[in-house]
Amino acid sequence: MTTRFISDSASDVREMEHVDFVSVPLRISAGRADYVDDENLDVPGMLRDLSAYKGRSGTSCPGIDSWLEAFGEADRIYVVTITSGLSGTFNSAEVAARQYLQTHPDAKVHVFDSLSTGPEERLLLEKLVELEGQGLSFEEVCRRGRAYLEKSRLFFTLASLHNLAQNGRVSKVVAAAVGVLGIRMLGTASPEGTLQPLAKCRGDKKLLELLRDKLKEAGYRGGKVRISHVACRELAQTLKAAILERYPGADVLAYEARGLCSYYAEAGGMLVGCEC
Ligand code: X90
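Residues numbered from 1 in each chain as written. Predicted model: local features only at pLDDT ≥ 70, side-chain atom pairs only at ≥ 80, totals over all residues. Heavy atoms only, no water.

Explain the site of the ligand to me, and be specific about the residues and the numbers.
Taken together, 16 residues sit near the ligand, with T59, S60, L86, S87 and R169 positioned nearest. The separation between an oxygen atom of the ligand and a polar main-chain atom of S60 is 3.5 Å. At 2.7 Å from an oxygen atom of the ligand is found a side-chain nitrogen or oxygen belonging to S87. The fraction of the free accessible surface of the ligand (560 Å²) that becomes covered by protein chains is 98%. Tallied by class, the residues present in the shell around the ligand amount to eight nonpolar, seven polar and one charged. (Near = heavy atom within 4 Å. Polar contact = N/O pair within 3.5 Å; in protein donor to acceptor, adjacent residues only side chain to side chain. Areas by Shrake-Rupley, 256 points an atom, 1.4 Å probe, with all protein chains shown as cover. Nonpolar A, V, L, I, M, F, W, Y, C, P; charged D, E, K, R; others polar.)

Help me get a handle on the nonpolar core, residues and values and all.
In terms of nonpolar packing, the biggest core is built from 30 residues, with M46, F156, L158, L161, L164, V170 and L195 touching the most fellow members. Those elements that provide at least two residues to this core are β3 (27–30), α1 (43–52), β8 (152–158), α6 (162–166), β9 (183–189) and α10 (259–265). Top contributing element to this core by residue count: α10, with five residues. Residue contacts for M46: discarding those within four places in its chain leaves I28, Y35, L41, G259 and Y263. With 23 residues, the next largest nonpolar core counts A199, L207, L215 and A236 among its residues. (Core = buried A, V, L, I, M, F, W, Y, C linked by side-chain atoms within 4.5 Å. Buried < 20%, exposed > 50% of the residue type's maximum accessible area, 1.4 Å probe, protein only. Helix = DSSP H or I, 4+ residues; strand = E, 2+ residues; numbered from the N terminus. Contact = heavy atoms within 4.5 Å.)

Any details on the sheet that holds strand β6 (residues 76–81)? Residues and values, ideally.
Spatially, the four strands line up as an open sheet ordered β2-β1-β6-β7, and their pairing is parallel. The strands lining the two open edges of the sheet, one partner per strand, are β2 (20–24) and β7 (108–113). Strand-to-strand twist in this sheet, taken as the mean axis angle between neighbours without regard to direction, amounts to 15°. Both strand β1 (residues 3–8) and β2 contribute to a ladder of five bridges, which runs parallel. Bridging from a neighbouring strand, D8 pairs with V24 of β2. (Pairing = 2+ DSSP bridges. Axes fitted to C-alpha atoms, helices over the stretch in contact; angles between N-to-C directions.)

Run through the environment of A218, naming residues and quoting values.
With respect to the helices and strands, A218 occurs in the loop between α8 (204–217) and β11 (225–229). Placed 58 residues apart in sequence, A218 and C276 show a C-alpha to C-alpha distance of 6.4 Å. The contact partners of A218, leaving out residues within four places of it in the chain, are R153, F155 and C276.

From the geometry alone we can't say anything about function, so treat these as descriptive.
Here is the structure:
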């Protein structure tokens, strides 16, 4: 029996140790350029190209065939997707799952709508791997995975909302106030899986203070934190150090975002997923 863990590339996960993991790419397009968010994508190169490109750009979710290919011939399949509130990814994975079950009636497939992205998808994937390792039934792993999602949160800070607004994922009014005079936005994933602005500020120091307050308010008390950043390694490392100073035993990882989150979070953007 084979167990497979799958997520779209918005999870920023490239590989997972000791388990069968497959990443399904979303795509970013800008004029004639088409970037597939797979292991070959040069993310800094894409960001450079995009900053020089003045036309419209956009993204697209994986098609049903990409999911079916990722399912392979596995028997137990856990799929984690980016929020259905902002992307068709979950929907196409669900359709693929139904098709797969018709041809593989003994298989089990569950698609989790993270109602979030990046680090919160990653936290859920890691939890599913842990639960599966405990020898629980497929249904029990799914039940506990869903319960886990209720207790994890996503916060993010953005220095520009240009690409989110250009693609109708945030209102132009909200977007216009960010980026001007170095103003940054702090936001969270709403319960419906959309972008919820929380505050605006200027400067890293203020931003980190705000973030610390929001984590505390959300009930963060030293659990796991996953931080993906877009070309702001130092800011991510500073946040990691601040969390570790307050919670020395915490499991905190900071790493680069992959293509899809880099496109939307843009340079200076940082996504923070935490267990609350
Ligand atoms: O289907 C597609 O083409 C993909 C669309 C994705 C749109 C949103 C991606 C957001 C990435 C930006 C800040 C975090 C917002 C999270 C709210 C749930 C990261």
